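Structural characterization, general
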Amino acid sequence: MKQKHPILKLLCPFLALLLLLQTPISVSAKTFPKSWPQAPEISNETGILMEAATGQVLFDKGMDEVRYPASTTKVMTALLILENIEDLSEVITFTDVITPDLEPGNSTIDAKVGEQLTVEQCLYAIMLASANEVCTQMAVRVAGSVSNFTAMMNERAAELGCENTHFVNANGLPDPNHYTTAHDLAKILAAAVANEDFCKISGASAYTIPPTNMTASARNLSNTNALIAEGDSHYEGVLAGKTGHTEAARNTLVTAARRDNMTLICVVMRSEGKDRFTDTTALFDYGFNNFHMEPVYWMDEENPAGYAVLPKDVSPGSLAIKEEDSPDLRTRTYSYQGSEILKVYASLPMEVKTRTTSDMSLVKTGVSEIQIGSPIIFPVMMVILAVLVVILIVVIVKAVLDSKRPKKKKKRKLN
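Residues numbered from 1 in each chain as written. Predicted model: local features only at pLDDT ≥ 70, side-chain atom pairs only at ≥ 80, totals over all residues. Heavy atoms only, no water.

1. Some details on the overall build of the protein chain
- A tally of helices and strands in the protein chain yields 9 helices and 16 strands.
- Taking all 415 residues of the protein chain together, 44% fall into the buried category.
- Excluding contacts between residues fewer than 6 apart, the proportion of contacts in the protein chain whose partners are at least 24 apart in sequence is 58%.
- Surface accessibility of the protein chain: about 22400 Å² in total, with carbon and sulfur atoms responsible for 55%. (Helix = DSSP H or I, 4+ residues; strand = E, 2+ residues; numbered from the N terminus. Buried < 20%, exposed > 50% of the residue type's maximum accessible area, 1.4 Å probe, protein only. Contact = heavy atoms within 4.5 Å. Areas by Shrake-Rupley, 256 points an atom, 1.4 Å probe, with all protein chains shown as cover.)

2. Focus: the side chain of Gln121
- Turning to its location among the elements, Gln121 is positioned in helix H3 (residues 119-127).
- In terms of polar contacts, Gln121 uses its side chain to reach the backbone amide nitrogen of Thr118, at 3.0 Å.
- Residues contacting Gln121, with those up to four places away along its chain left out, are Tyr207, Ile209 and Pro210. (Polar contact = N/O pair within 3.5 Å; in protein donor to acceptor, adjacent residues only side chain to side chain.)

3. Side note on the pairing of strand E6 (residues 219-222)
- Burial along E6 is one-sided: the face carrying Arg219 and Leu221 is buried and the face carrying Asn220 and Ser222 is not.
- Bridge analysis of strand E5 (residues 206-209) against E6 gives 4 bridges, and the strand direction is antiparallel. Bridge pairing in E6 links Tyr207 to Leu221. (Pairing = 2+ DSSP bridges.)

4. Comments concerning the sheet that holds strand E13 (residues 329-336)
- Pairing is antiparallel in the open sheet, where 3 strands are placed in the order E12-E13-E14. With one partner strand each, in any of the chains shown, strand E12 (320-326) and strand E14 (339-347) form the two edges of the open sheet. Geometrically, the sheet is characterised by an average inter-axis angle of 20° between neighbouring strands, direction not taken into account.
- Across 7 bridges, E12 lies against E13 in antiparallel orientation. The residue of E13 that forms the bridge with Ala320 is Ser335. (Axes fitted to C-alpha atoms, helices over the stretch in contact; angles between N-to-C directions.)

5. As for the sheet that holds strand E8 (residues 250-259)
- Taken in spatial order, the 5 strands make up an open sheet running E2-E1-E9-E8-E7, and their pairing is antiparallel. In this open sheet, the two edge strands, each paired with only one partner strand, are strand E2 (57-61) and strand E7 (238-246). Averaged over all pairs of adjacent strands, the angle between their axes in this sheet comes to 5°, without regard to strand direction.
- Examined bridge by bridge, strand E1 (residues 46-51) and E2 share 4 bridges and lie antiparallel to one another. From the neighbouring strand, Ile48 faces E2, where its bridge partner is Asp60.
- Its contacts with the sheet put helix H8 (residues 275-290) on E1, E2, E7, E8 and strand E9 (262-271), and the angle it makes with E9 is roughly 150°.

6. Details of unusual backbone geometry
- Omega for the bond connecting Leu348 with Pro349 falls within 30 degrees of zero, at -5°, which places this linkage in the cis form.
- Its location among the elements puts Pro349 in the loop between E14 and strand E15 (353-356).
- Here Asp260, not a glycine, exhibits a phi torsion of approximately 55°, which is positive.
- Assignment of secondary structure puts Asp260 in the loop between E8 and E9.
- One non-glycine residue, Gln337, adopts positive backbone phi at about 50°.
- With respect to the element layout, Gln337 can be found in the loop between E13 and E14.

7. Focus: the state of the cysteines
- By the definition in use, this model includes 0 disulfides.
- In this model Cys122 remains outside any disulfide bridge; the closest cysteine sulfur is found in Cys135, 9.6 Å from its own. (Disulfide = S-S within 2.5 Å.)

8. Here we look at the environment of Met262
- Among the structural elements, Met262 can be located in strand E9.
- By relative accessible area, Met262 is classed as buried at 3%.
- With 26 residues separating them along the chain, Met262 and Phe288 place their C-alpha atoms 8.2 Å apart.
- In contact with Met262, other than residues within four places in its own chain, are Glu51, Ala257, Gly287, Phe288, Phe291, His292, Met293 and Val309.

9. Structural notes on the confidence of the model for the protein chain
- Of all residues in the protein chain, 81% have pLDDT values of 70 or greater, and the mean over the chain is 86.
- Here residues 1-5 is a poorly scored stretch, pLDDT under 50, and it has 1 contact once near neighbours within four places are set aside; other chains count.
- A low-confidence stretch, residues 409-415 stays under pLDDT 50, and its non-local contacts, those more than four residues away or across chains, total 0 contacts. (pLDDT = per-residue confidence, 0-100.)

10. Points about the environment of Thr208
- Here Thr208 shows up in strand E5.
- Here the alpha-carbon distance between Thr208 and Ser222, two residues 14 residues apart in the chain, equals 8.8 Å.
- Apart from the residues lying within four places of it in its own chain, the contact partners of Thr208 are Ala218, Arg219 and Asn220.

11. Focus: the side chain of Arg276
- Turning to its location among the elements, Arg276 is positioned in helix H8.
- From its side chain, Arg276 meets the backbone oxygen of Gly244 in a polar contact 3.0 Å long.

12. Comments concerning the nonpolar core
- Among the nonpolar cores identified, the biggest contains 63 residues, and Ile109, Val134, Met138, Leu189, Phe198, Ile265 and Val267 are the most heavily contacted of them.
- Every residue in contact with Met138, bar those within four places of it in the chain, is listed here: Ile81, Ile85, Ile92, Val119, Cys122 and Ile126. (Core = buried A, V, L, I, M, F, W, Y, C linked by side-chain atoms within 4.5 Å.)

13. A short note on a nonpolar patch on the surface
- Side chains of Val389, Ile393, Val397 and Leu401 sit close together on the surface and give an oily, nonpolar patch of about 340 Å² of accessible area.
- Here Ile393 is to be found in helix H9 (residues 377-404).
- For Ile393, a relative accessible area of 47% puts it in the partly exposed group. (Patch = residues over 30% accessible without salt bridge, like charges linked within 9 Å, V, L, I, M, F, W, Y side chains within 5 Å. Salt bridge = Lys/Arg side-chain N within 4 Å of Asp/Glu carboxyl O.)

Structure follows, in structure tokens:
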């Protein structure tokens, strides 16, 4: 076995220490920080609390586990209707495509073939009365057929970043190939609540469809989401939501609420009784009582680069920063106690500016800046690196000088 050169023996410990000081510690993106506020226990099998604008997850219980969505499917149905029909006063005439959905046990408004409703009335029937036949008729109006509409649903879900969702109908009736997750439903509802008409319709506690060409009496619809309906369970700041129930899915619920500048999305899946309402209320209280959303500035001191949802006693100045460059893009990642909070991007090259930070120091905007928890660590690391560099130079110089000195040759002794 070859022996290591004496110089390498000296250099190896220093090089190993240098490598240790420069190697980042990877932390799972789904790991919450150690000082994250204690979340409540929920009875639902899976659930999520997510901030709508940022997509930041504040609570996770099996949020990526696949479940049946039941009628929470109708959030996507309503979203696609609103995105594809501009005139909500357009009249829809029901056809025999609705007949299978009128069978006993289905959730309906008992629409009749030939009956006429406006698009707006259909949307209230979908979101408040959970009318399956109305979903089917509107799917045909938007896409020409239910299969075409479900293709649109799946395409839109992919656009929203849904990774474990597949739709085969517009109303949520059980099917092995019709599934989603709490996380994906949260993404869908976050997109839907950005639409004012969706919030107005889904957030209504009640609505009356007047008599039609085939129905003499009015239809009085009531919202089945207890957090939206008037009553003891009504939640302050609630925006919209949708209930769901089938034997396969059990009880499901998606709800959005807004207080101050923060919109929270709560999804709970597969529970019994009123647990979906009490769990959602507990998670909303947890979110609004323990977190705040703050702007994070980078290239522009007037316009934030993004927003971070943090515990109420934590400011954006407490976030650690890591920057990575590609040929034409700089990525800046903000993290809190090892958990990623926000990621923003800037094109290269960047104009270098300065701005005053929270500790009244000037930093160059566009220059890599990493904040470390303790102010002592960084200077100590610099001293250690400086000492190592000096030692390294001395070792190299000594090795070079030794190599240039003439070596004495031993005389061979003759016998």
